Amino acid sequence: MRSREYLTKEEVDELLHAASARGRHKIRDHTLILLIFRHGLRASEAANLRWDAVVLGKDGGTISINRLKGSQSGNHPLQPDEVEALRELKEKYPDSRYLFPNERGEALSRSAIAKTVQRCGELAQFDFKVHPHMLRHACGYYLANGGAGEGKGLDTRLIQEWLGHRNIQHTVAYTRLNPERFKEMSWE
């Protein structure tokens with residue numbers, strides 16, 4: 001077991017770069033990793049995403065996240081780079097009803113997603129094994145550490161809603177490990 005079960009933003013960026021350089025499904029794989037990270041998706045949630053859950057407008061878009069494991073579903077806004085990636089994906093796989101199709105146009109399986117993420121980690125030359133849930137955790141830590149909140153961690157309730165946690169104790173784990181909360185301490 002690793003000392004930590006999440007990726008840093010820099011590691012996510014390396015993983016995205018590796019996905020973009022990889023094989024005939026590089027658009028799909030890059031978009032898959034991007035959305036898993038940005039929206040804190042479980043592999044099963046990503047696998048089940050269909051195009052009818054996506055609304056792409058000229059100025060942005062939304063995606064309806066159907067959470068599993070008793071979590072709360074919701075709608076998330078899409079960032080401009082996500083909209084662009086989704087448009088490219090739709091152009092590449094026009095006949096699939098799933099965002100992330102396999103060779104037959106059906107939904108990628110959880111194990112296929114796990115293998116994709118693992119292979120991208122190998123291409124990025126990580127010295128540890130990468131799995132999809134590390135991206136969900138990376139999302140939680142990124143939000144708690146101020147990645148999407150102008151340099152300061154987001155409100156725990158907002159992170160809870162974003163990740164779909166029913167119980168806030170699941171969210172507190174991300175904020176509890178935020179080293180920023182100790183910055184005011186002085187040992188002098």
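Residues numbered from 1 in each chain as written. Predicted model: local features only at pLDDT ≥ 70, side-chain atom pairs only at ≥ 80, totals over all residues. Heavy atoms only, no water.

S.K.: Help me get a handle on the packing of helix α1 (residues 9-20) against helix α2 (residues 26-39), residues and values and all.
M.R.: Running from amino to carboxyl end, α1 crosses α2 at an angle of 160°, the nearest separation of the two axes being 7 Å. In terms of their interaxial angle, α1 and α2 are classed as roughly antiparallel. Read as a crossing pair, α1 and α2 show a hand that is right-handed. Residues Lys9, Val12, Leu15, Leu16, Ala19 and Ser20 of α1 touch α2, and the partners they reach there are Lys26, Asp29, His30, Ile33, Leu34 and Phe37. Residue composition of the contact of α1 with α2, by class: seven nonpolar, two polar and three charged. (Axes fitted to C-alpha atoms, helices over the stretch in contact; angles between N-to-C directions. Helix = DSSP H or I, 4+ residues; strand = E, 2+ residues; numbered from the N terminus. Parallel < 35°, antiparallel > 145°, perpendicular 65-115°, else oblique. Left-handed = near helix turned anticlockwise from the far one by under 90°. Contact = heavy atoms within 4.5 Å. Nonpolar A, V, L, I, M, F, W, Y, C, P; charged D, E, K, R; others polar.)

S.K.: If you had to explain the side chain of threonine 116 to someone new, which residues and values would you point to?
M.R.: Along the chain, threonine 116 falls in helix α5 (residues 110-123). Given the relative accessible area of 4%, threonine 116 is considered buried. Excluding its chain neighbours within four sequence positions, the residues that come into contact with threonine 116 are Arg22, Arg28, Asp29 and Leu32. (Buried < 20%, exposed > 50% of the residue type's maximum accessible area, 1.4 Å probe, protein only.)

S.K.: Explain the sheet that holds strand β3 (residues 74-78) to me, using residue names and the numbers behind them.
M.R.: Backbone-to-backbone hydrogen bonds join strands into a sheet, with any given pair of strands oriented parallel or antiparallel. An order of β1-β2-β3 is seen for the three strands of this open sheet, with the pairing classed as antiparallel. At either end of the open sheet lies a strand with only one pairing partner, and these are β1 (54-56) and β3. Strand-to-strand twist in this sheet, taken as the mean axis angle between neighbours without regard to direction, amounts to 15°. Of the strand pairs in this sheet, β1 and strand β2 (residues 61-65) are connected by three bridges, and their pairing is antiparallel. Bridge assignment links valine 55 to a residue of β2, and that residue is threonine 62. Running over the sheet, α2 touches β2 and β3 and is turned about 120° from β3. (Pairing = 2+ DSSP bridges.)

S.K.: Residues and numbers for α2, please.
M.R.: Given a rise of 1.5 Å per residue, 14 residues ought to cover 20 Å, and the 20 Å separating the end C-alpha atoms of α2 matches this to within 8%. Taken across its 14 residues, α2 has ten buried, putting it largely inside the fold. Those residues of α2 lying buried are Arg28, Asp29, Thr31, Leu32, Ile33, Leu34, Leu35, Ile36, Phe37 and His39. Phi turns positive one or two residues past the end of α2, at glycine 40, with a value near 60°. (Expected span 1.5 Å × (residues − 1).)

S.K.: Pulling in residues and values, what's your account of helix α4 (residues 80-92)?
M.R.: With 13 residues, α4 extends 18 Å from end C-alpha to end C-alpha; this agrees with the ideal 18 Å at 1.5 Å per step. Glu82, Val83, Ala85, Leu86 and Leu89 are the residues of α4 that are buried. Each buried residue of α4 lies within a common arc of 165° when the element is viewed along its axis, so the set occupies one face. In α4, the exposed positions angled more than 90 degrees off the buried face are occupied by Pro80, Glu84 and Glu91. Looking at the buried residues of α4, the elements they touch are α2, β1, β2 and β3. (Arc of directions from axis to C-beta.)

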